Amino acid sequence: MLCVFGRSVLRHWFDSVLQQGNSTAQESPAFDCTDAVIPGPSKHVDHSMEFDTFVKRKGHVVFPERFSDSKKTASATDQFRFHVAWISVLSSSRRLARGYVSGHSICLCCRVVESAPVSQAPHAGIRKNGRMKIESVERIWVDLPLKEVPWRNMVREIPHWSLFELCKVTLSNGVAGVGETMPYYTWGEVTDEAVERATGQHAATVMWDDSLGAGLQMALFDAVAKSLDAPVWSLLGEKVRTHAHVGWWAIDMPAEDWISECEEAAAKGYTTFKTKARPWFDLEDQVQRLSEAVPDHFLLDLDFNDFGLDPAVVRPLCKRLEKYSKVAIWESPIEQEDVEGNRMLRQHLSIPIAQHIGRPAFETQIRRDICDGFVMEGGVTHAIGRGRTCAEFNKPFWLQWVGSNLGATFCLHIQAALSHARWPAIHCNHMYPEQFVTEPWAVSNGMAKIPDGPGIGVTVDWDAVEQYRIEPKARPYPYPGLLLRVNWPSGSRSYFTHAQQLWDAFKAGDLPAFAKGVHLVHVEENSAEWSEYYGRAGISPVHEPA
């Protein structure tokens, strides 16, 4: 094992010794060299040391003969430097060094002791700087229930948001890191191939590989940072903020549910609400009612997901909604690939436009200046690279890293290192009344504090993980038994069994877009209406005239 002792580490130890004056060996502080171990192969023992020492007190330094050909002394000066160049010892042993002040001398004595295997070492601190090879990756599925209001609305489109896969990575130094993936939503699923490719590798050499998937990459950053006794943000770059802006999120809902969500958000310290602008609800009525219900400082971001289709449809709608001062951002109001259409919208609308990065090409979005800021998804390497480009062009963005408190806290570290992560990040962790980490999630004035502890900075509650643990399951979509009815102001009705049918019909222009008075409802299961239309609508949407 190759042992390298840093100058700053040993100087800190000797300073503490010198401060104690004429202490005895029993009273002096001890320095455990294994705190500074960097592992490497070795097949021999070399008991040589190189010293360059100046002692900040009267007296001299005595070096034991076993480490040099003869005793050496150094006169006292007003400076102090101590550096051990290197020691090579057997891989099954550890070298412990103790120093103490006795009279006017500083003595260094070393001894070789047998040590327990890394996995049995009693003190995690002794092992933290050991070799960070990926020994194992454990994958655990959990089903984390959602709160009632989000669940009854999300069931038509994303019922699989309750499903998580945890990745627990254990390194050869005994340190474990944990990350999470939403298997049917997150930007990158963890695959068997990714796990096989990573296992046996040094964690720091593969943790930047976005193709490993969300949970595995997150766990690697957590483990490496813990091994270094440092927060994740310190691996990403300079810390540019101590608190990060975070926002509340909800899917498209009836106005009553939107108001309920926003009242809860404001009570918990949030100041922004991102939601969906959909053509099967009366958007103008919803925004008016919501604006009247929320505090004056509370802002709304409306995500069209391209449902505005073209400027001719969405421009007059957005112009009418601009009178509500609480509307702060339009997200993807028309198809993002419509470069000229988006440029024209920016010229006519006063509210900023946000787009998902990469549709069209990021270079086109930047050079053609087709939006005011961005929505950032994807892995750490993608986020850091794109985030720094946004800084070059002074474009704000929000990070969209959906998950539990574990994923949300990890996202805070990324926000800490990117200067233009100024818009409120979307985590959606507030939707889960139960969590599998012990630390509470706290928001004040729309901001969350960035952790400074080792790793991600949260503690996994493995009892909670076991409580919600499940076997891997297929994506539960379409959700069984679901019948949706769109009521038109003309008296006509349209029936669907899941959201993809709604998306296809409206984006194809088969139905009017953003009509006043339109409203979507869930038909009660096993009612007479449900029995009549459920089977037919499951084949294709059913449209009934007034």
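Look up a bit, the structure's there.
The shown structure was predicted, so the numbers you read here are calculated from the model rather than taken from an experiment.

(A) Molecular detail of unusual backbone geometry. P360 follows R359 through a cis peptide bond whose omega is -5 degrees. Summarising the element assignment, P360 is placed in the loop between strand 14 (353–356) and helix 12 (362–367). A cis amide bond links Y477 to the next residue, P478, at an omega of -5 degrees. Locating P478 in the fold gives a position in the loop between strand 19 (469–470) and strand 20 (484–487). Phi at N305 is positive, roughly 50 degrees, even though this residue is not glycine.

(B) Structural view of the environment of H430. In this structure, H430 sits in the loop between strand 17 (425–426) and strand 18 (447–449). The exposure class of H430 is buried, given its relative accessible area of 9%. Sequence spacing of H430 and K147 is 283 residues, and the spatial spacing of their C-alpha atoms is 8.9 Å. Those residues in contact with H430 that lie beyond four places of it in its chain are K147, W248, W249, E261 and Y270. A polar contact is formed between the side chain of H430 and the backbone nitrogen of W249, at a distance of 3.0 Å.

(C) Region of interest: the environment of A416. Locating A416 in the fold gives a position in helix 14 (residues 405–417). With 179 residues separating them along the chain, A416 and G237 place their C-alpha atoms 8.6 Å apart. Excluding its chain neighbours within four sequence positions, the residues that come into contact with A416 are W233, E238, K239, V240, R241 and I450.

(D) Local environment of the sheet that holds strand 8 (residues 163–171). An order of 9-8-7-19 is seen for the four strands of this open sheet, with the pairing classed as antiparallel. For this open sheet the edge positions go to strand 9 (176–181) and strand 19, each flanked by a neighbour on one side alone. When strand 7 (residues 134–143) meets strand 8, the two strands line up antiparallel, connected through nine bridges. Looking at the pairing, R139 lines up with C167 of strand 8.

(E) Structural view of the state of the cysteines. Tallied over the entire structure, the rule returns zero disulfides. Here C390 is not disulfide-linked; the sulfur of C371 is the nearest cysteine sulfur, at 8.4 Å. The exposure class assigned to C390 is buried, which follows from its relative accessible area of 0%.

(F) Structural context of the environment of Y468. With respect to the helices and strands, Y468 occurs in the loop between helix 15 (462–467) and strand 19. Sequence separation between Y468 and V142 is 326 residues, and the spatial gap between their C-alpha atoms is 5.1 Å. Apart from the residues lying within four places of it in its own chain, the contact partners of Y468 are W141, V142, D143, L144, P145 and E434.

(G) How the structure looks around the packing of aromatic side chains. Counted by the stated rule, this structure contains 22 aromatic pairs. The rings of W187, W208, F221, W401 and F410 are connected pair by pair, giving a single aromatic cluster. Taking NZ or CZ as reference, K168 lies 5.0 Å from the ring centre of W462, over its face. Taking NZ or CZ as reference, K507 lies 4.9 Å from the ring centre of F307, over its face.

(H) Highlighting the nonpolar core. With 135 residues, the main nonpolar core has W161, L216, W330 and F436 as its most contacted residues. Tallying contributions element by element places helix 6 (residues 214–227) first for this core, with eight residues. Apart from the residues lying within four places of it in its own chain, the contact partners of L216 are V137, C167, V169, V190, A194, V195 and A198. Counting residues in each nonpolar core, the second largest holds seven residues, with L483, W530, Y533 and V542 among its members.

(I) Spatial organisation of the pattern of salt bridges. Under the definition given, this model contains 32 salt bridges. We note a salt bridge from D257 to R152, for which the minimum N-O separation is 2.8 Å. Taken together, the residues D257 in helix 8 (residues 255–267) and R152 in helix 3 (residues 148–154) connect sequence positions 105 residues apart. R346 is the salt-bridge partner of D369, the closest N and O atoms lying 3.2 Å from each other. Of the two residues, D369 sits in the loop between helix 12 and strand 15 (373–376) while R346 sits in helix 11 (residues 339–348), which places them 23 residues apart along the sequence. Residue D369 is classed as partly exposed on the basis of its relative accessible area, which comes to 35%. Under the relative-accessibility criterion, R346 is labelled partly exposed at 25%.

The rules behind these values
Residues numbered from 1 in each chain as written. Predicted model: local features only at pLDDT ≥ 70, side-chain atom pairs only at ≥ 80, totals over all residues. Heavy atoms only, no water. Helix = DSSP H or I, 4+ residues; strand = E, 2+ residues; numbered from the N terminus. Buried < 20%, exposed > 50% of the residue type's maximum accessible area, 1.4 Å probe, protein only. Contact = heavy atoms within 4.5 Å. Polar contact = N/O pair within 3.5 Å; in protein donor to acceptor, adjacent residues only side chain to side chain. Pairing = 2+ DSSP bridges. Disulfide = S-S within 2.5 Å. Phe/Tyr/Trp six-rings, centres within 6.5 Å; stacked < 30°, edge-to-face > 60°. Lys NZ or Arg CZ within 6 Å of the ring centre and 35° of its normal. Core = buried A, V, L, I, M, F, W, Y, C linked by side-chain atoms within 4.5 Å. Salt bridge = Lys/Arg side-chain N within 4 Å of Asp/Glu carboxyl O.

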